Each structure stands twice: as structure tokens, then as C-alpha cells.
Amino acid sequence: MERVYLDHAATTPLDPEVLSEMEPYLTEHYGNASSVHQLGRKARVALEESRERIASSIGAESSEIIFTSGGTESDNLALKGAIRAESTEEQPAGLITSASEHEAVLQPAERLKDQGHPVTILNPEQNGAVLPEQVEEAIDDRTALVSLMHVNNETGVKTDIRAISAICREHDVLLHCDAVQSVGLYALDVNDLGVDLMSISGHKFHGPKGIGALYVRSGVNLGPLVEGGSQERDRRGGTENVPAVVGLAKALERAVESAEQKRKRLRRLQQHLINGIDQSITGPYVLNTPVGDTPVSPHVVNVSFPPDGGDPVDGEMLILNLDMEGVLVSAGSACTSGALEPSHVLTTLGLERETASAAVRFSLGTDTTEEEIDFAVEKLQTVLNRMR
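Keep in mind it's a predicted model, so treat the numbers as computed, not measured. Within each chain, residues carry numbers counting from 1 in the order of the written sequence. The predicted origin of the model limits local features to residues at a pLDDT of at least 70 and limits the giving and counting of side-chain atom pairs to 80 or more, whereas totals for whole chains, interfaces and linings rest on all residues. With hydrogens and water excluded, all non-hydrogen atoms of the structure serve as input to the side-chain values.

Quick notes on the packing of helix H2 (residues 38–57) against helix H9 (residues 242–257)
Throughout, an axis means a line fitted to C-alpha atoms (over the contacting stretch in the case of helices), and angles, computed between N-to-C directions, take values from 0 to 180 degrees. Numbering of helices and strands starts at the N terminus; helices are DSSP runs of H or I of at least 4 residues and strands are runs of E of at least 2. Two elements in contact, H2 and H9, have axes whose closest approach is 9 Å; the angle formed by their N-to-C orientations is 25°. One finds that H2 runs roughly parallel with respect to H9. Between H2 and H9 lies a crossing whose hand is left-handed. Note on element contacts: H9 touches H2 through Val242, Val245, Val246, Leu248, Ala249, Lys250, Leu252, Glu253 and Val256, opposite Ala43, Ala46, Leu47, Ser50, Arg53, Ile54 and Ser57. Ten residues, namely Ala, Val, Leu, Ile, Met, Phe, Trp, Tyr, Cys and Pro, are considered nonpolar, four, namely Asp, Glu, Lys and Arg, are considered charged, and the remaining ones, Gly among them, are considered polar. Residues belonging to the contact of H2 with H9 are distributed by class as follows: 11 nonpolar, two polar and three charged. Angle categories are assigned with fixed cut-offs, so that under 35 degrees is roughly parallel, over 145 is roughly antiparallel, 65 to 115 is roughly perpendicular, and the rest are oblique. With the far helix as reference, a near helix turned anticlockwise by less than a right angle produces a left-handed crossing, and one turned clockwise produces a right-handed crossing. The contact definition used throughout considers only heavy atoms, calling two residues in contact when any of these lie within 4.5 Å.

Right, dumping it as C-alpha cells:
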């Protein structure tokens, strides 16, 4: 093998059938969906038909779907739009979220806090889960919105969104769910989950990059984040990306149709990878994706390699060395302002800096094979031997 791609939580390859459905709207049917002439009307029909297909795939109404550029914009729109709409001059609306959320939630939360909104950041349990009772205890009369992800993008831990939604309804508080890592892998129904807002990103389930959606339950007030046009019912200005929207609809339909079968296969591959690491890797390691009773998504295995009597393992160099060996994965750390910082998710879970900085996230996909996993484990041992 020359190359094994195990970074599907970062992005997935575009499905050829999705590309085929998009192509006519990149070439022949290129009209602006806001134009009233025949090319514009053709684009408008495709846009609204895709909106209906996406809504149907998640149990929503078409009027409840807002198109965005992806998960980051959807999260920003959900938090800033809902909090500002629920605020008054006398009482800025409050937000509850967790320390293990994606930066697309944590950074807007920090901005809202700077603007005077009460923001509560919950610390997850040691296994990475946010418990419903934590949310209930944190809600007060200022709380307008709770924002929690369904599947953590680094560890794969699942949050019990249904139980939390029941608490939010009881207290008349809105619930936003970042479902970027779970939509398409699970056949989600917004009414079953009980969410008021839900973020989606197309490139996580073999759709195009640069397109996403925000589900907004009917009756929820939401101010615009992007202004300058009346598109998306005045909630998101700008010319609609019709080819990408068409691709998003096709990709989501295909993902939902095969979700259960895909999960079963990924679960076997996930266990095969964990077994391979346990049986083949010499020296200490820490499995950051919990096993046992904690619900986790089957596509993620996060593991750290603490020092083994020598210098700490540099996470960035670990990833680069694996890349040179033909294994494409992500680290549990990110480069911020030129300095390598450990993952905020892993440090939140109590990992020491050296251990959190030496993390690798393997994320499995539709086409991943056992042979590719065996290759990756073999190369991982080779790299660790060299670095340690």
C-alpha cells in the first residue's frame, strides 16, 4: 500500500454519484436562483427541491432548512442568531455549552460572553460525556440556549441529546445540536432528538465542501449572521450555491439510506483497530476513545502515546512521520499562533500536556478495510520505535 486515508472525521471524498448530480448546475443550469428568467427559475426549482429532500432526510419541514457554508457558519448562526433574538436590553440571554465542544461553538460563546451574555461552560465527565443532570443544574432564569454536540469530533463520545432536550423543554430553553459528526452516520430525526436547531456539514458524508445547513424549528426566532440579501427567508444573505445544495441533498439521502449498515461495518473496523493497537504497539499508550458502557460513534479511535522513559513524543512530528509512511491521520493538537498546543478536548478530560500533545485520531470511512488498518498499525509501531 502506498497510502491509507484514515482522516474521515476531517473530510470525506466526494461521492461520484453526488458529483454527477451536481454537474448540470455547474455548467448548463448555471442561473442565479434569485433571477426571474428561465435559467433563474430552473435554479430555484433545484434549490427548493433539494431543500425538501434534505428536510425529509432529517424529519423536518422544508421551511426549517437554512443553507450555510458549512458546520462552522451553522454553529455561529445558531448561537449568535438565537441568543441575540432572545435578548432584551434589560436581560442579555444566557448560553450553556461544554468545554469539549468544537471551536466553532466555543469561540462564538466567548464572543457572546465578551458582549455581556451569561455563558456557562460545563466540564464533561471523565469519559467525555456531558450528563443531563449537569445541564439541568446549570439552567437558570437567564438561560435561553443550550448548545451541545451529538458526537465529539475528537473522541467519538456521544451526548444523550434526547434526555437533554427533555430538560430543555421543561425549562422552556432552546437546544442547539452540532450534529456535524453524526448526520449521515446516523439516521437522525429532529423531532425524535427534540432539538430546536441542528448543524449539518456536507463534506462529512461524501458531499461537497463549502455547503451546510442549519435546521431551525418553526417558531424559533433567529437573527441573521450574514446580511445583504433576502435569501433564506432573510436569515442568510448571499447568492445560493445551487450546485453544492444539490450535492448536499444527494449525499445526505445516500448516507441516510446506508447508515445502519455502515455503522455495523465501522464498529467491526473500530474494534479491529483497537485490538491491533493493543496487540502490536509496544510501550505505553492511552486510549482516549472510551470502551465499555460509554456510547461512542464507531468511526473514531483517539489514542495518545505518553513518554516511554525518554523524551516526550511530539504530536506534530508523529503525524508527519506517519504521513511519510503513507498513513494519513489527524493529531489531537492544533497549531495556534505558531505554538503547538494540546487539544482542548483532551486536556478537558484530564490528560497531562505531554500525553494530550501526543495524540492521534484515526477516523474510519465507508471504504476503509481491515488490511488498511493493519498497514496503519504496522507503520505506527515503526514510527514510534523511531521517535522513542
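Having put the structure on the table, let's press on.
Re helix H4 (residues 103–114)
For a helix, the expected span equals 1.5 Å multiplied by the number of residues minus one. The end-to-end C-alpha distance of H4 is 16 Å, a good match for the 16 Å that 12 residues give at a rise of 1.5 Å each. Taken as a whole, H4 has its buried residues at Ala104, Val105, Leu106, Pro108, Ala109 and Leu112. Residues of H4 that are buried sit in contact with helix H3 (71–86), strand S3 (94–98), strand S4 (119–122), strand S5 (143–149), strand S6 (174–178) and helix H12 (344–348). Phi turns positive one or two residues past the end of H4, at Gly116, with a value near 100°. A simple rule labels every residue: compare its accessible area, found with a 1.4 Å probe on the protein chains alone, to the largest value its type can have, and call it buried under 20%, exposed over 50%, or partly exposed in between.

Regarding the nonpolar core
Among the buried residues, those of types Ala, Val, Leu, Ile, Met, Phe, Trp, Tyr and Cys that are joined through side-chain atoms within 4.5 Å form a nonpolar core. One finds Ile58, Ile65, Val195, Met198, Leu318 and Phe362 to be the most contacted residues of the largest nonpolar core, which totals 80 residues. Looking at which element gives the most residues to this core, the answer is H9, with nine residues. Judged by nonpolar contacts, the second largest core, of 20 residues, contains Leu79, Ile83, Ala109 and Ala144.

Re the environment of Arg3
Examined against the element boundaries, Arg3 turns out to sit in the segment before strand S1 (4–5). Taking the C-alpha atoms as reference, Arg3 lies 8.5 Å from Asp323; in sequence the two are 320 residues apart. Ignoring sequence-local partners within four residues, the contact set of Arg3 consists of Gly326 and Leu328.

Observations concerning the sheet that holds S4
Two orientations exist for strands paired in a sheet by backbone hydrogen bonds: parallel and antiparallel. Between any two strands, at least two bridges found by DSSP are needed for them to pair. Read from one edge to the other, the open sheet built from seven strands follows the order S2-S8-S7-S6-S5-S3-S4, with strand pairing classed as mixed. Both outer strands of the open sheet, strand S2 (65–68) and S4, are each paired with one neighbouring strand and no more. Averaged over all adjacent pairs, the angle separating strand axes in this sheet is 20°, with direction ignored. Here S2 runs beside strand S8 (residues 212–216); their pairing, made up of four bridges, is antiparallel. Paired with Ile65 across the strands is Tyr215, a residue of S8. Contacts from helix H6 (residues 161–170) reach S5 and S6 within the one sheet, and its direction differs from that of S6 by about 160°.

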